[in-house]
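# Residue-level structural notes
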Amino acid sequence: MSNFYETLGVSTTATPEEIKRAYRKLARETHPDVAGEASADRFKDVSRAYEVLSDPEKRQLYDMGGESALSGNRGGGGAGANFGFTDIFETFFGGGAARPSGPVPRGRRGQDAIVTLNISLPEAVFGAQREITVNTAVTCPTCHGSCCRPGTSPQTCSACQGRGSVQRVANSFLGQIMTTSPCSVCRGHGTIITDPCTECSGDGRVRSRRTINIDVPAGVESGNRMRMPGYGEVGPGNGPAGDLHVEFRVAAHDVFSRQGDDLVCSVSVPFTAAALGTTITLETLDGPRDVTLKAGTQAGDVHTIRGLGAARIHRGTRGDVKVFVDVTVPKKLSEREKELLRELAELRGEEIHEVTPGAGIFSRLKEKMGL
Ligand SMILES: [Zn+2]
Ligand SMILES: [Zn+2]
């Protein structure tokens, strides 16, 4: 699916007014009633893009993580999944044609929130229980979300007699349509709160710190996001809470780094041990394990320990540990060690042209050129 901004042909910095204008133009061109059934899919794309970009909260989420941020990483559903033609009419006519008339509930859904959770590599590999504290909106403890001062209740709106809507005639690109629009006095609620709760100023919620337990799934990687439905901000007027999106960031580990489901590390062994073979003890995330390197191990050889890698998310199996072997060559040798190496080379019939310090290629070149 293409980018919502591209779908509407606007820049990512477009103002709400520009987005609305672009959408109206495209909707007019692609509406199946006007352009025929062939353009129905295009109309749906345009509508979907507008539905997200016209909502500041959804747009912000979209900007932060693309469309997946709106529906979470797993499962379907999520914001706007059931978006249909009905919503278009609401968009154009302020909630008329297809929407059943009647007061609009005061409660609205709360905002989604995103938090970043820093975890260690072992926590990412094995999963973990973590606690985070977030500053969020919670239901007002004084009015319990009713928005009214305790002992009072909302009064019926006299402008619309509690219906929440008034009728009017609107001109649209489809012709003149009798529409019902929300009452501006009560903003469609049908009631007016004359005595708002003082604790929350009639919002039905207050800011508060809240502790949330997070179940880090075994196998997560940096950048993975988990959606926790209902753990976002509580909505105004006792509206349902939004979702919390947790993004994991895995800290670098001293020994291991991650490659897919595998954990890779490198070990250095002296060239003598590589030639003769050796057993080393490697501290894996599951504890110490012996790694046997056969005689004749080469630099760059890889030793695999099966099943000690990262968990494969939701599958219960694990990747491997891969040990890359680095062979070290001594930088300084004693006279005795040199003798032994010369003897070894002779024994193996290997020709050596030893380079003595200070007599490198450059100085030999100088000699040849008589400098
Ligand atoms: Zn309150
Ligand atoms: Zn009213």
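## A closer look at the overall build of the protein chain
Helix and strand content of the protein chain: 11 helices and 15 strands. Scored against the burial criterion, the 371 residues of the protein chain give a buried share of 23%. The contacts in the protein chain between residues at least 6 apart in sequence include a share of 64% that link residues at least 24 apart.

## Some thoughts on unusual backbone geometry
The residue Q161 is not glycine, and still its phi comes out positive at about 50°. Tracing the sequence through the fold places Q161 in the loop between β3 (155–156) and β4 (165–172). According to the C-beta neighbour criterion, Q161 is exposed, with 10 such atoms within 10 Å. Even without glycine at this site, S201 takes up a positive phi of about 55°. Using a count of 11 C-beta atoms within 10 Å as the deciding quantity, one classes S201 as exposed.

## Thoughts on the sheet that holds strand β9 (residues 244–250)
If you trace the three strands from one edge of the open sheet to the other, you get β1-β9-β8, paired in mixed fashion. Both edges of this open sheet fall to β1 (113–119) and β8 (225–228), since each of them pairs with a single strand only. Strand after strand, the sheet turns through a mean of 25° between neighbouring axes, direction not considered. Here β8 pairs with β9 via four bridges, running antiparallel. When the sheet's bridge partners are listed, M228 is paired in β9 with L244.

## Digging into the packing of helix α2 (residues 16–30) against helix α4 (residues 40–53)
Remark: α2 packs on α4, axes separated minimally by 9 Å, with the N-to-C direction vectors making an angle of 165°. By the criterion of interaxial angle, the relationship of α2 to α4 is roughly antiparallel. Judged by the twist between their axes, the crossing of α2 over α4 is left-handed. Taken together, the residues of α4 that come into contact with α2 (itself represented by I19, Y23, L26, A27 and T30) are R42, F43, V46, Y50 and L53. Here the contact of α2 with α4 is built from residues that sort into eight nonpolar, one polar and one charged.

Scoring rules and cut-offs
Residues numbered from 1 in each chain as written. Chains lettered and ligands numbered in written order. Predicted model: local features only at pLDDT ≥ 70, side-chain atom pairs only at ≥ 80, totals over all residues. Helix = DSSP H or I, 4+ residues; strand = E, 2+ residues; numbered from the N terminus. Buried ≥ 20, exposed ≤ 12 C-beta atoms within 10 Å, placed from the backbone. Contact = placed C-beta atoms within 7 Å. Pairing = 2+ DSSP bridges. Axes fitted to C-alpha atoms, helices over the stretch in contact; angles between N-to-C directions. Parallel < 35°, antiparallel > 145°, perpendicular 65-115°, else oblique. Left-handed = near helix turned anticlockwise from the far one by under 90°. Nonpolar A, V, L, I, M, F, W, Y, C, P; charged D, E, K, R; others polar.

Remember that the coordinates give geometry; whether it matters functionally is a separate question.
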